[in-house]
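As a plain string of letters, each chain reads:
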There are 2 protein chains.
Amino acid sequence: MHNVGIVGAGIAGLHLALYLQKQGIDAVLYTDREPGAYRDARLLNTVAHHSTTLARETALGVNHWTDPDQHYYYHDHWLNVPEPGPLNFAGSFEKPSRALDYRIYLPRLMEDFVERGGKIEFRRIEEKDIQPLVDRHDLLAVAVGKGPMGAMFEHDPEETPFKAPQRQLCVGLYSGVSNTDPMNVTMSITPGVGELICIPTITFDGMGHALLMENLPDGPMTHLARESYDADPKAFLQAVLDDLEQYHPGIYNRIEASRFDLCQSQDILQGGVVPTVRKPAVKFDNGKYALAIGDVHCTVDPVNGQGANISSYSAFVVGEEIARAPVLDGRFIERVENRRRDRVLGAARWTNLMMQPPSQEFQMLLGAMSQNRALCDEFTQNFNAPEDQWEHLSSPQRIRHWIGAKTPMAAE
Amino acid sequence: MHNVGIVGAGIAGLHLALYLQKQGIDAVLYTDREPGAYRDARLLNTVAHHSTTLARETALGVNHWTDPDQHYYYHDHWLNVPEPGPLNFAGSFEKPSRALDYRIYLPRLMEDFVERGGKIEFRRIEEKDIQPLVDRHDLLAVAVGKGPMGAMFEHDPEETPFKAPQRQLCVGLYSGVSNTDPMNVTMSITPGVGELICIPTITFDGMGHALLMENLPDGPMTHLARESYDADPKAFLQAVLDDLEQYHPGIYNRIEASRFDLCQSQDILQGGVVPTVRKPAVKFDNGKYALAIGDVHCTVDPVNGQGANISSYSAFVVGEEIARAPVLDGRFIERVENRRRDRVLGAARWTNLMMQPPSQEFQMLLGAMSQNRALCDEFTQNFNAPEDQWEHLSSPQRIRHWIGAKTPMAAE
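Everything numeric here is computed off the predicted structure, so don't read it as measured data.

Rules used in this analysis
- Residues numbered from 1 in each chain as written.
- Chains lettered and ligands numbered in written order.
- Predicted model: local features only at pLDDT ≥ 70, side-chain atom pairs only at ≥ 80, totals over all residues.
- Heavy atoms only, no water.
- Domains from an automatic or database assignment.
- Contact = heavy atoms within 4.5 Å.
- Buried area = accessible area lost by both parts, 1.4 Å probe.
- Salt bridge = Lys/Arg side-chain N within 4 Å of Asp/Glu carboxyl O.
- Polar contact = N/O pair within 3.5 Å; in protein donor to acceptor, adjacent residues only side chain to side chain.
- Helix = DSSP H or I, 4+ residues; strand = E, 2+ residues; numbered from the N terminus.
- Nonpolar A, V, L, I, M, F, W, Y, C, P; charged D, E, K, R; others polar.
- Least-squares fit on C-alpha atoms with pLDDT ≥ 70 in both.
- Buried < 20%, exposed > 50% of the residue type's maximum accessible area, 1.4 Å probe, protein only.
- Pairing = 2+ DSSP bridges.
- Right-handed = clockwise from strand over helix to strand, strands pointing away.

Q: Looking at this structure, how should I read the domain arrangement of chain A?
A: Accessible area lost on assembly of the parts is the figure often given for the size of an interface. All names here are of chain A. When cut into domains, chain A gives domain 1 (3–64 + 101–162 + 274–354), domain 2 (68–98 + 168–271) and domain 3 (360–411). With centres defined by C-alpha atoms, the gap from domain 1 to domain 3 works out at 32 Å. Across the boundary between the two partners, domain 1 contributes 14 residues, which contact eleven residues of domain 3. Counting the surface lost from both domain 1 and domain 3, the interface buries some 1100 Å², and carbon and sulfur atoms represent 65% of this. The largest share of the area that domain 1 buries against domain 3 comes from Arg343, Trp350 and Leu353, three residues that together contribute 46% of it. Counting every contact that joins domain 1 to domain 3 gives one salt bridge. For Glu387, the salt bridge goes to Arg343, with nearest N and O atoms at 3.0 Å. On inspection of domain 1 and its partner domain 3, the count reaches four residue pairs in polar contact (both at pLDDT 80 or more). Elements that contribute at least two residues to the side of domain 1 that touches domain 3 include exactly helix H2 (51–60) and helix H8 (330–355). In terms of residue class, the side of domain 1 that touches domain 3 is built from five nonpolar, six polar and three charged.

Q: Please explain the relation of the copies chain B and chain A as it appears in this structure.
A: Relating one copy of the chain to the other takes a rotation about an axis and a shift parallel to that axis. Superposing chain B onto chain A takes a rotation of 180 degrees combined with a translation of 0.0 Å along the rotation axis, leaving an RMSD of 0.0 Å. In the structure described here, the two chain copies are related by an operation that fits a two-fold rotation axis. When C-alpha distances to the rotation axis are compared across chain B, the minimum falls at Asn338 of chain B, with a value of 3.5 Å. When the interface residues of chain B are mapped onto chain A, 100% of them again fall at the interface, so both copies present the same face.

Q: Help me understand the pairing of strand E1 (residues 3–7) of chain B in this model?
A: Looking along a regular strand, one sees side chains alternate from face to face of the sheet. Residues and elements named next belong to chain B. Of all five residues in E1, four are buried, a share of seventy percent or more. Sheet analysis places E1 next to strand E2 (residues 26–31), joined by five bridges and oriented parallel. Within E2, the residue paired with Val4 across the bridge is Ala27. In the classification by handedness, the crossover that spans E1, the intervening helix H1 (residues 11–22) and the parallel E2 is right-handed.

Written out as C-alpha cells, the structure is:
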C-alpha cells in the first residue's frame, strides 16, 4: 500500500488527498494554514470551476454548491474595437460553470477530508523538513510553489516563453454589479488596454462579482495594480469606475455606483503572474520522487480561468496512477506525464497566446465568433478541454481552418 | 483534403496507405519492389501478427488468412537450465496469433490497395527526389530505413542503449518440424547460448516453421549466423541439428531429420539488428514534415515478435491523426507522438531488456511463470500490449510486485 505525502492544500492538493482517501490509500496533507484562518484572509484568487471540474467534485462527494442559480451558463463577450464599433456576442457551455470564493471552498474541503478520517499536519515545511518527509512517504506530491519544496522543480524553458508578468492584475470581489439572467461570465476585451473578466461568484455574503482586470503593462489601466484601496477606498473605487466607463463600458453599465464596493476590505489582490511550466518531478538519492501538481507544475495567467481546472484534472490523473501503480517510480512519473501533459500544456499555451498581441487570424476568429453562435459555443465549451482549444489556435493556419470549417458554404 | 506521400511498402506503409484509402484521403505509395518481385526474393523476416494486428487487418478488409488451423494459440516455453533441469510451461493468448511469409503478405496488400484505386509508384527514392516529394505532398510518411529518406531521422540516444547487434541471427523457414495441436510458438531459452523461437508460418507451400535463432555473440551457436547454406546445404543443416540437439532439445525433438530443410534455398536470413529508436519527425524549410513510421521509427530485435505489430499500430495512429488533423503541422506530429510513444517504447524497452543478462528478479519471474498459469497467460497476452508488459518489467521491484500480486496467499 502506497503512502503519499501531499504538500499544499490548494485545489490540487485537496482533490488528490480526497481522491486517495476514496481509494483507501494513505495520504498526509501538509499545510501551514488552518481552516479557521481563511475567513479573514486576503482574497486568494478568482477562480471558476468548469463542468469537468464540478463533475470531479461530485465524484469526490464535495460538491456542496449545487444551486442552479449560483451557476453561470455562458460567456458574454464585449470586443471594444473603434471600427466597426463594439461587438457584443455570447457563447454557451454545454453544462454550467460555478465560481466560489476559495476562502470558503478550501477550508470546507479540508473539513471533508478530516471528517472522513484524513490526516492534515499544520506546519510550515522548511529545508530541514524535506529529508524526513522523503523518508516518511513513498511519494511527495508538491502543490505549493513558495518555500523550499516548490523551488526544487526546474523551469521548462520550452514551455515558459515569458520572464515577467504579461498583465498587471487588479482583482477584487465587488458588490453593486448587476446579474444577468441567467448568469454569465462577461469578457470585455479592449485593444491597447487589456481584458476585464466579470465573474459572478459565491461569496461569504451570497452572490457577488469578481472583477478580474487584466491590464496591459503599458496600457492606461495598469495603474490600478498599484492604487491602494486601504489608503483611500473612495478614490480607488472612483478610479476603477472611471477606467471601466472609458474602457469597458459593457460592464460599467451593469454597475450601480452607489452600491459599488469591495465585499470586504481584504477582497482585493494586485500584482502579476509569470506564466511558468516546471519539470514534473525530482528524484531523490534514495530513488523516491517528488511530483509537481497544481501551480507548481504549471502557473497560468488567470485570464482564461484554467488554473484551478487543470490542477483538479492533474490531481485526478495523479490519483488514478497512484492507485494503479505497483511502484511509485520513474515509470509511474512517465505515465502521469503522458496522461496529463497534453491538457496542462494546452491550457498553458492557449493562455500564453492570449497574452500576446492577437494575430490577424485571431482577430478574424473573434469577428467570426461574433457572427456565428456555433463557433462561439465551441470556443466557450473548450474552456473545459484546453487541449481541444489548442487544436484550433496553435497556428494561424489552424485558426483559418477552424473558421472555414464552421462557416456555412456560400452556396447554401 | 490532405495529400500524403508514403515511402516504403512494408507493413507500416501498407497499413497506413490502406487506412487512408478507407478514409478517402489521397495517398501515393512509393516502393522500388513490384509485387511480382517478391516470389523469388530472399526471406524478408519472420513475423507474427498478434490479435490486435489481425483486428486491424480485418478493419482494413485485408485479413485474407483466417483459417483457424493456420493460427497459433499459445506460447510454449523451454527454459533450459541445468538446475533443476529444463522447465517446460505454456501461456495462452486470449485470441490467436498468425504468422505469414511477408513475400505473400506484402504483395497481396499492395494488390488490394491498387485494386481499390490506390496509386503506387515503383521507383527508388534518391537524394534528388526528396524535394520534389516534399513539394508534391502535405506530409511524407517514411517507412523505409535504407536510402536517403530514412537517413534523415536522428537517433534518440535515450532510447537506443546499444551500438551493435545483441544477437547473431540465423533465421530460416523450414520443413520437417512437427506441429503441435493446437499450434503454438515455442520459445526455447538457454543461458549462455541464446533463444530459439519456433513459429508455425504460412509459406508458399502451406504450413512450415520459422526457426528464429537468437544467438549470443559470444555463445556456441553464434557461428550459424555465418555458415553458408548455399555452399553446402547438408553441412549447414547438420550444424543446425547438432546445435539444436545440444542447446534446444525441446525443439530438436520435434524435427524429423530426413525432412528437415529450408522450404526454398532463399528462405534464410543471417545477420543482426541494432535496436534503434529514432526521432519521430523532420521539418523541412517550407514548414512541412516527414514522419517516421515502422522500422525507421523503431527497430527492435525480433526476439519478442513486436516489430510488425508496433508498425501496424503506429500506422493506424498516424492514419487516425491525419484524418482528424486540420493541418499536418508540428501539433499533428506532437499528437501522433503522444499517442503512439508509450506502446512503441514499451516494445523497444522490453525487447532491449531481453537482450541483456536476466536480473535475478527476471529469473524468478520465469520460475514463477513455470508454476503459475495465470501469470504466464498474462505475460503471453501482453505480447499484444507491450506497454502493459513494460509496466511489470521496467524494474526489479516491479517484477517482484507482479509475482507477488499473482501468487496466492500462503494462508489460502
